[in-house]
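If you want the building blocks of each chain, they are given just below.
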Amino acid sequence: MFNLHGVNYDNMLDLVYNLPKAELHLHLHGAISHEAIMILWNKYIQYLSTEDKSFVSYLNKNKHYDNLRYFYSPQILLHEIENLFVYEDFYNFLATFGIFGFLIRKKDDLEMLIDDVLSDLIKQNVLYAEITITVSAYMRSGLTLEEVLECMDSACMKEGITIYWIVDLVRNSGPDKANSIFEDINSYGPAFIKGFTLGGDEKSYSAHEFKFLYEKIRCHNYHTTIHSGEVGTSEDLWDAIKNLELDRIGHGISAANDPYLLHYLEKKRLPLEVCITSNVTLLSDCTFANHPVTKLFSNGVCLTINTDDPTFFNTTLTDEYRHLLLMDFSVSEVLSLARNSFEVSFAPLPTKNELLHKFDTFLVGIDELINTD
Ligand SMILES: [Zn+2]
(Lines give C-alpha, C1' and ligand atoms only; values in the text may rest on other atoms or scores of the structure.)
Protein backbone atom coordinates (compact mmCIF):
# COMPACT_ATOMS: atom_id res chain seq x y z
CA MET A 1 0.00 0.00 0.00
CA PHE A 2 1.31 3.50 -0.81
CA ASN A 3 -0.03 7.01 -0.77
CA LEU A 4 0.16 9.65 -3.50
CA HIS A 5 -1.45 13.07 -2.99
CA GLY A 6 -3.54 11.75 -0.12
CA VAL A 7 -4.92 8.72 -1.99
CA ASN A 8 -4.02 5.18 -0.94
CA TYR A 9 -3.19 2.65 -3.64
CA ASP A 10 -2.63 -1.08 -3.23
CA ASN A 11 -0.17 -1.20 -6.13
CA MET A 12 0.61 0.39 -9.51
CA LEU A 13 -2.20 -1.52 -11.23
CA ASP A 14 -4.53 0.28 -8.87
CA LEU A 15 -2.92 3.68 -9.44
CA VAL A 16 -3.36 3.49 -13.22
CA TYR A 17 -7.10 4.08 -12.79
CA ASN A 18 -6.45 7.55 -11.36
CA LEU A 19 -3.51 8.37 -13.61
CA PRO A 20 -4.38 11.36 -15.85
CA LYS A 21 -4.76 9.84 -19.28
CA ALA A 22 -5.35 10.77 -22.91
CA GLU A 23 -7.04 8.59 -25.52
CA LEU A 24 -6.22 9.21 -29.18
CA HIS A 25 -7.79 6.23 -30.94
CA LEU A 26 -11.34 5.64 -29.79
CA HIS A 27 -14.31 5.07 -32.10
CA LEU A 28 -17.42 6.67 -30.69
CA HIS A 29 -19.91 3.85 -30.87
CA GLY A 30 -17.13 1.37 -30.16
CA ALA A 31 -17.43 2.69 -26.61
CA ILE A 32 -21.21 2.38 -26.28
CA SER A 33 -22.30 1.08 -22.86
CA HIS A 34 -24.39 -2.07 -22.44
CA GLU A 35 -27.13 0.06 -20.90
CA ALA A 36 -27.25 2.32 -23.96
CA ILE A 37 -27.43 -0.77 -26.18
CA MET A 38 -30.48 -1.98 -24.21
CA ILE A 39 -32.21 1.38 -24.57
CA LEU A 40 -31.59 1.63 -28.32
CA TRP A 41 -32.46 -2.04 -28.91
CA ASN A 42 -35.83 -1.66 -27.20
CA LYS A 43 -36.46 1.54 -29.08
CA TYR A 44 -35.57 0.42 -32.59
CA ILE A 45 -34.97 -3.26 -33.24
CA GLN A 46 -38.61 -4.04 -34.00
CA TYR A 47 -38.83 -1.14 -36.43
CA LEU A 48 -35.49 -1.97 -38.06
CA SER A 49 -36.29 -5.62 -38.66
CA THR A 50 -39.70 -4.92 -40.17
CA GLU A 51 -39.43 -1.49 -41.80
CA ASP A 52 -35.82 -0.72 -42.64
CA LYS A 53 -34.84 -2.44 -45.88
CA SER A 54 -31.19 -1.43 -45.68
CA PHE A 55 -30.93 -2.90 -42.16
CA VAL A 56 -32.59 -6.16 -43.24
CA SER A 57 -30.35 -6.42 -46.27
CA TYR A 58 -27.23 -5.68 -44.16
CA LEU A 59 -28.23 -8.32 -41.64
CA ASN A 60 -29.02 -10.93 -44.26
CA LYS A 61 -25.72 -10.29 -46.00
CA ASN A 62 -23.95 -11.02 -42.73
CA LYS A 63 -26.19 -13.74 -41.35
CA HIS A 64 -23.38 -16.32 -41.46
CA TYR A 65 -21.84 -14.57 -38.45
CA ASP A 66 -23.08 -16.30 -35.34
CA ASN A 67 -22.96 -13.25 -33.03
CA LEU A 68 -25.28 -11.26 -35.30
CA ARG A 69 -28.15 -13.74 -34.90
CA TYR A 70 -29.30 -11.68 -31.90
CA PHE A 71 -30.28 -8.87 -34.24
CA TYR A 72 -33.11 -11.08 -35.54
CA SER A 73 -34.60 -11.11 -32.06
CA PRO A 74 -36.98 -8.39 -30.82
CA GLN A 75 -35.40 -8.57 -27.38
CA ILE A 76 -31.98 -8.95 -25.87
CA LEU A 77 -31.17 -9.52 -22.23
CA LEU A 78 -28.47 -7.53 -20.50
CA HIS A 79 -26.35 -10.63 -19.85
CA GLU A 80 -26.57 -11.61 -23.54
CA ILE A 81 -24.98 -8.39 -24.75
CA GLU A 82 -21.42 -9.63 -24.24
CA ASN A 83 -22.21 -12.36 -26.82
CA LEU A 84 -22.54 -9.67 -29.48
CA PHE A 85 -18.82 -9.04 -29.19
CA VAL A 86 -17.45 -12.47 -30.04
CA TYR A 87 -15.94 -12.55 -33.52
CA GLU A 88 -14.75 -15.23 -35.90
CA ASP A 89 -12.37 -12.83 -37.61
CA PHE A 90 -11.67 -9.18 -38.48
CA TYR A 91 -14.50 -9.04 -41.04
CA ASN A 92 -16.96 -10.36 -38.49
CA PHE A 93 -15.86 -7.47 -36.25
CA LEU A 94 -16.32 -4.92 -39.06
CA ALA A 95 -19.81 -6.27 -39.77
CA THR A 96 -20.67 -5.98 -36.06
CA PHE A 97 -19.28 -2.46 -35.80
CA GLY A 98 -21.26 -1.47 -38.88
CA ILE A 99 -24.58 -2.81 -37.66
CA PHE A 100 -24.48 -0.70 -34.50
CA GLY A 101 -24.64 2.41 -36.67
CA PHE A 102 -28.26 1.51 -37.45
CA LEU A 103 -29.18 1.94 -33.78
CA ILE A 104 -28.21 5.64 -33.71
CA ARG A 105 -31.13 7.17 -35.58
CA LYS A 106 -32.01 10.49 -33.98
CA LYS A 107 -30.18 13.44 -32.56
CA ASP A 108 -31.07 12.47 -28.98
CA ASP A 109 -29.63 8.96 -29.56
CA LEU A 110 -26.34 10.48 -30.60
CA GLU A 111 -26.39 12.92 -27.67
CA MET A 112 -27.03 10.03 -25.27
CA LEU A 113 -24.22 7.99 -26.81
CA ILE A 114 -21.72 10.84 -26.60
CA ASP A 115 -22.67 11.72 -23.03
CA ASP A 116 -22.41 8.08 -22.01
CA VAL A 117 -18.96 7.68 -23.58
CA LEU A 118 -17.60 10.92 -22.12
CA SER A 119 -18.90 10.10 -18.63
CA ASP A 120 -17.04 6.80 -18.69
CA LEU A 121 -13.82 8.49 -19.82
CA ILE A 122 -14.11 11.09 -17.05
CA LYS A 123 -14.51 8.31 -14.45
CA GLN A 124 -11.16 6.85 -15.54
CA ASN A 125 -9.53 10.28 -15.32
CA VAL A 126 -9.12 10.57 -19.08
CA LEU A 127 -8.44 14.32 -19.31
CA TYR A 128 -8.27 14.46 -23.07
CA ALA A 129 -9.72 12.43 -25.92
CA GLU A 130 -9.71 12.59 -29.69
CA ILE A 131 -12.80 10.63 -30.61
CA THR A 132 -13.17 9.10 -34.04
CA ILE A 133 -16.65 9.38 -35.49
CA THR A 134 -18.06 7.67 -38.56
CA VAL A 135 -20.35 10.49 -39.61
CA SER A 136 -21.58 8.60 -42.68
CA ALA A 137 -22.90 5.71 -40.54
CA TYR A 138 -25.25 8.00 -38.63
CA MET A 139 -26.31 9.82 -41.80
CA ARG A 140 -27.24 6.44 -43.31
CA SER A 141 -29.59 6.01 -40.32
CA GLY A 142 -31.35 9.30 -41.00
CA LEU A 143 -29.47 11.97 -39.09
CA THR A 144 -28.54 15.06 -41.06
CA LEU A 145 -24.95 16.24 -41.23
CA GLU A 146 -25.99 19.40 -39.37
CA GLU A 147 -27.42 17.32 -36.52
CA VAL A 148 -24.28 15.22 -36.24
CA LEU A 149 -22.05 18.31 -36.27
CA GLU A 150 -24.21 20.02 -33.62
CA CYS A 151 -23.84 16.99 -31.34
CA MET A 152 -20.09 16.96 -31.88
CA ASP A 153 -19.84 20.67 -31.17
CA SER A 154 -21.86 20.59 -27.98
CA ALA A 155 -19.91 17.55 -26.73
CA CYS A 156 -16.84 19.78 -26.57
CA MET A 157 -18.57 21.83 -23.84
CA LYS A 158 -18.69 18.86 -21.46
CA GLU A 159 -17.05 19.67 -18.12
CA GLY A 160 -14.23 17.49 -16.86
CA ILE A 161 -12.66 16.48 -20.17
CA THR A 162 -11.24 18.16 -23.25
CA ILE A 163 -12.27 16.52 -26.48
CA TYR A 164 -11.76 16.96 -30.19
CA TRP A 165 -13.01 14.88 -33.06
CA ILE A 166 -11.40 12.86 -35.83
CA VAL A 167 -13.66 11.88 -38.71
CA ASP A 168 -13.38 8.42 -40.23
CA LEU A 169 -13.87 8.76 -43.98
CA VAL A 170 -14.19 4.94 -44.26
CA ARG A 171 -11.64 3.42 -46.57
CA ASN A 172 -13.94 0.78 -48.06
CA SER A 173 -16.34 3.48 -49.30
CA GLY A 174 -13.63 4.41 -51.80
CA PRO A 175 -11.81 7.69 -52.53
CA ASP A 176 -14.75 9.43 -54.25
CA LYS A 177 -17.21 8.87 -51.44
CA ALA A 178 -14.56 9.73 -48.84
CA ASN A 179 -13.86 12.93 -50.75
CA SER A 180 -17.50 13.94 -50.86
CA ILE A 181 -17.92 13.37 -47.10
CA PHE A 182 -14.83 15.48 -46.50
CA GLU A 183 -16.12 18.27 -48.78
CA ASP A 184 -19.50 18.31 -47.03
CA ILE A 185 -17.96 18.46 -43.57
CA ASN A 186 -15.29 20.97 -44.51
CA SER A 187 -17.90 23.37 -45.89
CA TYR A 188 -18.95 23.97 -42.28
CA GLY A 189 -15.35 24.71 -41.19
CA PRO A 190 -15.78 22.88 -37.91
CA ALA A 191 -13.10 23.90 -35.37
CA PHE A 192 -13.90 20.92 -33.13
CA ILE A 193 -12.65 18.50 -35.80
CA LYS A 194 -8.89 18.22 -35.59
CA GLY A 195 -8.22 15.48 -38.09
CA PHE A 196 -9.33 12.79 -40.50
CA THR A 197 -8.61 9.09 -40.71
CA LEU A 198 -9.51 6.09 -42.84
CA GLY A 199 -10.89 3.12 -40.92
CA GLY A 200 -12.64 0.02 -42.18
CA ASP A 201 -11.17 -2.60 -44.45
CA GLU A 202 -7.48 -1.95 -44.97
CA LYS A 203 -7.43 -4.40 -47.88
CA SER A 204 -10.21 -2.68 -49.84
CA TYR A 205 -8.40 0.35 -51.31
CA SER A 206 -4.69 1.12 -51.16
CA ALA A 207 -3.56 4.17 -49.22
CA HIS A 208 -2.09 5.84 -52.33
CA GLU A 209 -5.58 6.01 -53.85
CA PHE A 210 -6.38 8.65 -51.23
CA LYS A 211 -3.29 10.77 -51.93
CA PHE A 212 -5.25 13.64 -53.51
CA LEU A 213 -7.71 13.63 -50.63
CA TYR A 214 -5.04 13.70 -47.93
CA GLU A 215 -3.33 16.59 -49.73
CA LYS A 216 -6.61 18.46 -49.68
CA ILE A 217 -7.21 17.64 -46.02
CA ARG A 218 -3.80 19.03 -45.12
CA CYS A 219 -4.38 22.14 -47.24
CA HIS A 220 -7.31 22.86 -44.96
CA ASN A 221 -5.03 22.53 -41.92
CA TYR A 222 -6.46 19.34 -40.50
CA HIS A 223 -4.26 16.62 -39.06
CA THR A 224 -4.04 13.20 -40.65
CA THR A 225 -3.87 9.65 -39.46
CA ILE A 226 -4.89 6.34 -41.04
CA HIS A 227 -5.59 2.77 -40.00
CA SER A 228 -2.65 0.90 -41.47
CA GLY A 229 -0.46 -2.06 -40.65
CA GLU A 230 -3.18 -3.59 -38.49
CA VAL A 231 -4.36 -6.47 -40.67
CA GLY A 232 -2.16 -5.08 -43.44
CA THR A 233 1.57 -5.62 -43.95
CA SER A 234 4.59 -3.38 -43.59
CA GLU A 235 4.34 -2.80 -47.39
CA ASP A 236 0.88 -1.34 -46.81
CA LEU A 237 2.40 0.91 -44.15
CA TRP A 238 5.11 2.11 -46.52
CA ASP A 239 2.43 2.87 -49.12
CA ALA A 240 0.58 5.03 -46.58
CA ILE A 241 3.72 6.77 -45.32
CA LYS A 242 5.12 7.54 -48.77
CA ASN A 243 1.88 8.79 -50.28
CA LEU A 244 0.05 10.50 -47.44
CA GLU A 245 1.65 13.06 -45.22
CA LEU A 246 0.73 11.56 -41.86
CA ASP A 247 0.87 12.97 -38.35
CA ARG A 248 0.19 9.61 -36.72
CA ILE A 249 -0.64 6.05 -37.73
CA GLY A 250 -3.53 4.01 -36.34
CA HIS A 251 -2.17 0.62 -35.23
CA GLY A 252 0.93 0.32 -37.43
CA ILE A 253 2.05 -2.81 -35.61
CA SER A 254 3.19 -4.59 -38.81
CA ALA A 255 6.19 -2.24 -38.67
CA ALA A 256 7.64 -4.66 -36.13
CA ASN A 257 8.37 -7.05 -39.05
CA ASP A 258 10.44 -4.51 -41.00
CA PRO A 259 13.75 -3.25 -39.56
CA TYR A 260 13.92 -0.37 -42.06
CA LEU A 261 10.46 0.79 -41.16
CA LEU A 262 11.20 0.57 -37.44
CA HIS A 263 14.24 2.74 -38.02
CA TYR A 264 12.23 5.19 -40.15
CA LEU A 265 9.45 5.55 -37.57
CA GLU A 266 11.97 6.08 -34.80
CA LYS A 267 13.98 8.66 -36.78
CA LYS A 268 10.92 10.61 -37.93
CA ARG A 269 9.20 10.21 -34.56
CA LEU A 270 6.02 9.25 -36.36
CA PRO A 271 3.73 8.04 -33.56
CA LEU A 272 1.65 4.89 -33.62
CA GLU A 273 -1.76 4.57 -31.98
CA VAL A 274 -1.38 1.10 -30.50
CA CYS A 275 -4.50 -0.80 -29.40
CA ILE A 276 -3.30 -4.01 -27.75
CA THR A 277 -6.53 -5.77 -26.77
CA SER A 278 -8.08 -4.95 -30.14
CA ASN A 279 -5.17 -6.71 -31.88
CA VAL A 280 -5.21 -9.67 -29.49
CA THR A 281 -8.95 -10.08 -30.12
CA LEU A 282 -8.90 -9.72 -33.90
CA LEU A 283 -5.56 -10.93 -35.19
CA SER A 284 -4.79 -14.61 -35.34
CA ASP A 285 -1.60 -15.55 -33.49
CA CYS A 286 -1.51 -12.23 -31.62
CA THR A 287 -1.43 -12.63 -27.85
CA PHE A 288 -0.57 -10.35 -24.94
CA ALA A 289 2.67 -12.30 -24.57
CA ASN A 290 3.83 -11.84 -28.18
CA HIS A 291 2.23 -8.48 -29.02
CA PRO A 292 4.58 -6.32 -31.16
CA VAL A 293 4.28 -3.40 -28.72
CA THR A 294 7.36 -4.71 -26.90
CA LYS A 295 9.50 -4.78 -30.05
CA LEU A 296 8.21 -1.41 -31.26
CA PHE A 297 9.00 0.14 -27.89
CA SER A 298 12.47 -1.36 -27.63
CA ASN A 299 13.24 0.04 -31.10
CA GLY A 300 12.45 3.54 -29.92
CA VAL A 301 9.20 4.02 -31.88
CA CYS A 302 6.96 6.70 -30.39
CA LEU A 303 3.89 4.84 -29.13
CA THR A 304 0.56 5.81 -27.65
CA ILE A 305 -1.77 3.37 -25.92
CA ASN A 306 -5.45 3.27 -26.87
CA THR A 307 -8.59 1.15 -26.75
CA ASP A 308 -9.97 1.38 -30.32
CA ASP A 309 -13.44 0.08 -29.39
CA PRO A 310 -13.54 -0.66 -25.66
CA THR A 311 -17.02 -2.20 -25.58
CA PHE A 312 -16.30 -4.36 -28.62
CA PHE A 313 -13.09 -5.68 -27.02
CA ASN A 314 -14.20 -5.68 -23.41
CA THR A 315 -11.48 -3.32 -22.30
CA THR A 316 -10.86 0.17 -20.94
CA LEU A 317 -7.94 2.56 -21.26
CA THR A 318 -7.06 1.71 -17.66
CA ASP A 319 -6.95 -1.99 -18.60
CA GLU A 320 -4.67 -1.27 -21.57
CA TYR A 321 -2.09 0.28 -19.23
CA ARG A 322 -2.52 -2.58 -16.78
CA HIS A 323 -1.74 -5.03 -19.59
CA LEU A 324 1.55 -3.24 -20.19
CA LEU A 325 2.50 -3.61 -16.53
CA LEU A 326 1.61 -7.30 -16.71
CA MET A 327 3.68 -7.58 -19.93
CA ASP A 328 6.71 -6.51 -17.89
CA PHE A 329 6.89 -2.88 -18.95
CA SER A 330 8.35 -0.97 -16.02
CA VAL A 331 6.33 1.68 -14.21
CA SER A 332 8.46 4.48 -15.66
CA GLU A 333 8.05 3.04 -19.18
CA VAL A 334 4.28 2.94 -18.76
CA LEU A 335 4.27 6.51 -17.48
CA SER A 336 6.35 7.65 -20.46
CA LEU A 337 3.83 6.04 -22.81
CA ALA A 338 0.95 7.72 -21.01
CA ARG A 339 2.74 11.06 -21.37
CA ASN A 340 3.26 10.48 -25.12
CA SER A 341 -0.51 10.57 -25.69
CA PHE A 342 -0.68 14.15 -24.47
CA GLU A 343 2.48 15.12 -26.36
CA VAL A 344 1.46 13.82 -29.78
CA SER A 345 -2.17 14.82 -29.49
CA PHE A 346 -3.65 17.26 -32.01
CA ALA A 347 -4.59 19.68 -29.20
CA PRO A 348 -3.64 23.35 -29.62
CA LEU A 349 -0.32 24.08 -27.90
CA PRO A 350 -1.69 25.97 -24.85
CA THR A 351 -4.15 23.12 -24.17
CA LYS A 352 -1.41 20.55 -24.63
CA ASN A 353 0.91 22.37 -22.23
CA GLU A 354 -1.83 22.69 -19.64
CA LEU A 355 -2.62 18.97 -19.86
CA LEU A 356 1.06 18.00 -19.69
CA HIS A 357 1.39 20.18 -16.61
CA LYS A 358 -1.52 18.33 -14.97
CA PHE A 359 0.05 15.00 -15.88
CA ASP A 360 3.48 15.99 -14.54
CA THR A 361 1.98 17.43 -11.36
CA PHE A 362 0.22 14.13 -10.69
CA LEU A 363 3.56 12.37 -10.93
CA VAL A 364 5.31 14.58 -8.38
CA GLY A 365 6.28 12.25 -5.59
CA ILE A 366 5.93 9.09 -7.66
CA ASP A 367 9.69 8.53 -8.11
CA GLU A 368 10.03 7.15 -4.62
CA LEU A 369 7.16 4.79 -5.27
CA ILE A 370 8.74 3.60 -8.53
CA ASN A 371 12.02 2.92 -6.78
CA THR A 372 10.35 0.84 -4.11
CA ASP A 373 8.10 -0.92 -6.65
ZN1 LIG B 1 -9.65 1.99 -35.08
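Residues numbered from 1 in each chain as written. Predicted model: local features only at pLDDT ≥ 70, side-chain atom pairs only at ≥ 80, totals over all residues.

> Talk me through the overall build of the chain; I want residue IDs and the actual numbers.
The secondary structure content of the chain amounts to 17 helices and 11 strands. In terms of C-alpha radius of gyration, the chain reaches 20 Å, essentially the compact-globule figure of 21 Å for 373 residues. Dimensions of the chain, computed from the C-alpha atoms along their principal axes, are close to 60 × 45 × 40 Å. Counting only residues that meet the buried cut, the chain has 45% of its 373 residues in that class. Here the analysis covers contacts within the chain between residues at least 6 apart in sequence; of these, 73% occur between residues at least 24 apart. (Helix = DSSP H or I, 4+ residues; strand = E, 2+ residues; numbered from the N terminus. Rg over C-alpha atoms; globule rule 2.2 N^0.38 Å. Buried ≥ 20, exposed ≤ 12 C-beta atoms within 10 Å, placed from the backbone. Contact = placed C-beta atoms within 7 Å.)

> I'd love a proper account of the domain arrangement of the chain, names of residues and values included.
If you check the domain split of the chain, you get domain 1 (2–26 + 108–363) and domain 2 (34–102). With centres defined by C-alpha atoms, the gap from domain 1 to domain 2 works out at 25 Å. In this assembly, 17 residues from domain 1 lie in contact with 11 residues from domain 2. Elements supplying a minimum of two residues to the side of domain 1 that touches domain 2: helix 5 (107–123) and helix 6 (135–140). Residue contributions to the side of domain 1 that touches domain 2 peak at 4 residues, all from helix 5. A class-by-class count of the residues in the side of domain 1 that touches domain 2 yields 7 nonpolar, 5 polar and 5 charged. (Domains from an automatic or database assignment. Nonpolar A, V, L, I, M, F, W, Y, C, P; charged D, E, K, R; others polar.)

> Residues and numbers for helix 7 (residues 145–155), please.
Within helix 7 the residues assigned to the buried category are Val148, Leu149, Cys151, Met152 and Ala155. Along the axis of helix 7, the buried positions cluster into a sector of 155°, meaning they face one direction only. (Arc of directions from axis to C-beta.)

> Before we move on, could you go through the nonpolar core and cite the residues and values that matter?
Of all hydrophobic cores here, the largest spans 101 residues; its most connected members are Val167 and Ala255. Taken together, domain 1 (2–26 + 108–363) and domain 2 (34–102) each give at least three residues to this core, which thus spans both. When neighbours within four sequence positions are excluded, Val167 is seen to be in contact with Ile133, Val135, Ile185, Ile193 and Phe196. With 5 residues, the next largest nonpolar core counts Tyr87, Phe93, Leu282 and Phe313 among its residues. (Core = buried A, V, L, I, M, F, W, Y, C linked by C-beta atoms within 7 Å.)

> Give me the sheet that holds strand 10 (residues 272–274): which residues, what numbers.
Strand order across the open sheet formed by 4 strands is 8-9-10-11, with parallel pairing between neighbours. Every other strand in the sheet has two partners, leaving strand 8 (227–228) and strand 11 (303–305) as the edge strands with one partner each. Alignment of strand 8 against strand 9 (residues 249–251), held across 2 bridges, turns out to be parallel. Bridge pairing links Ser228 to His251 in strand 9. (Pairing = 2+ DSSP bridges.)

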